[in-house]
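Each chain, written out:
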Amino acid sequence: MYIAMNRFRVNPERTQEFEQIWLERETHLQGLPGFVEFHMLRGPEKEDHVLYASHTIWRSREDFEAWTHSEAFRKAHANAGQSKREGLYLGPPSFEGFEVIQTVSEADNA
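Since the structure is predicted, the reported quantities are computational estimates derived from the model, not experimental observations. (Residues numbered from 1 in each chain as written. Predicted model: local features only at pLDDT ≥ 70, side-chain atom pairs only at ≥ 80, totals over all residues. Heavy atoms only, no water.)

Side note on the overall build of the chain
Move 1: For the chain, the count of helices and strands is 3 helices and 4 strands.
Move 2: Going residue by residue from the N terminus, the α and β elements of the chain occur as β-α-β-β-α-α-β.
Move 3: Its C-alpha atoms give the chain principal-axis dimensions of about 45 × 35 × 20 Å.
Move 4: Across the 110 residues that make up the chain, the buried fraction comes to 30%.
Move 5: Long-range contacts, defined as pairs at least 24 residues apart, comprise 73% of the intrachain contacts of the chain with a sequence gap of at least 6.
Move 6: Carbon and sulfur atoms make up 50% of the accessible area of the chain, which totals about 7,600 Å². (Helix = DSSP H or I, 4+ residues; strand = E, 2+ residues; numbered from the N terminus. Buried < 20%, exposed > 50% of the residue type's maximum accessible area, 1.4 Å probe, protein only. Contact = heavy atoms within 4.5 Å. Areas by Shrake-Rupley, 256 points an atom, 1.4 Å probe, with all protein chains shown as cover.)

Written as structure tokens, this is what we have:
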């Protein structure tokens with residue numbers, strides 16, 4: 001498995017707007033080869049920002065990379081640079097990709 005994460009530092013005065021954008025957007029992820037699940041996470045609030053992270057799980061790194069070159073990716077990110085969002089983010093998102101080396105689940109106890 002492969003986990004793709006983007007961290008977003010969001011203006012604390014605009015967290016509701018940020019969350020609404022994500023809740024209303026079309027992800028274009030369902031049905032893609034290798035896609036497992038997506039999570040948007042709200043993290044700690046700092047003095048100058050609230051940390052959010054998108055967390056997408058893929059069957060493999062290759063499946064994730066294929067998505068980044070797809071029409072679905074272009075559609076999902078078509079509005080990413082809209083000027084009305086100026087001041088919403090404190091800098092660009094920070095990407096991190098992880099190869100899963102261990103998984104422990106509730107099913108392991110059964």
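More follows now that the structure is in view.
A short note on the sheet that holds strand E1 (residues 2-10)
Move 1: The 4 strands lie next to each other as E2-E3-E1-E4, forming an open sheet whose pairing is antiparallel. The two strands at the open ends of the sheet, each matched to only one other strand, are strand E2 (35-45) and strand E4 (94-99). Across the sheet, the mean angle separating the axes of adjacent strands is 20° when strand polarity is ignored.
Move 2: Strand direction decides the pairing type here: E1 and E4, joined by 6 bridges, are antiparallel. Counted as the bridge partner of Ile-3 is Phe-98 from E4. (Pairing = 2+ DSSP bridges. Axes fitted to C-alpha atoms, helices over the stretch in contact; angles between N-to-C directions.)

Structural notes on the pairing of E1
Move 1: Sheet topology places E1 next to strand E3 (residues 50-58); 9 bridges connect them, and they run antiparallel. Within E3, the residue paired with Val-10 across the bridge is Val-50.

A closer look at helix H1 (residues 15-24)
Move 1: Buried within H1 we find Thr-15, Phe-18, Ile-21 and Trp-22. One side of H1 carries all its buried residues, which in axial view fall inside an arc of 125°. Seen from the buried face of H1, the exposed residues on the opposite side, beyond 90 degrees, are Gln-16, Leu-23 and Glu-24.
Move 2: Elements in contact with the buried residues of H1: E1, E2 and E3. (Arc of directions from axis to C-beta.)

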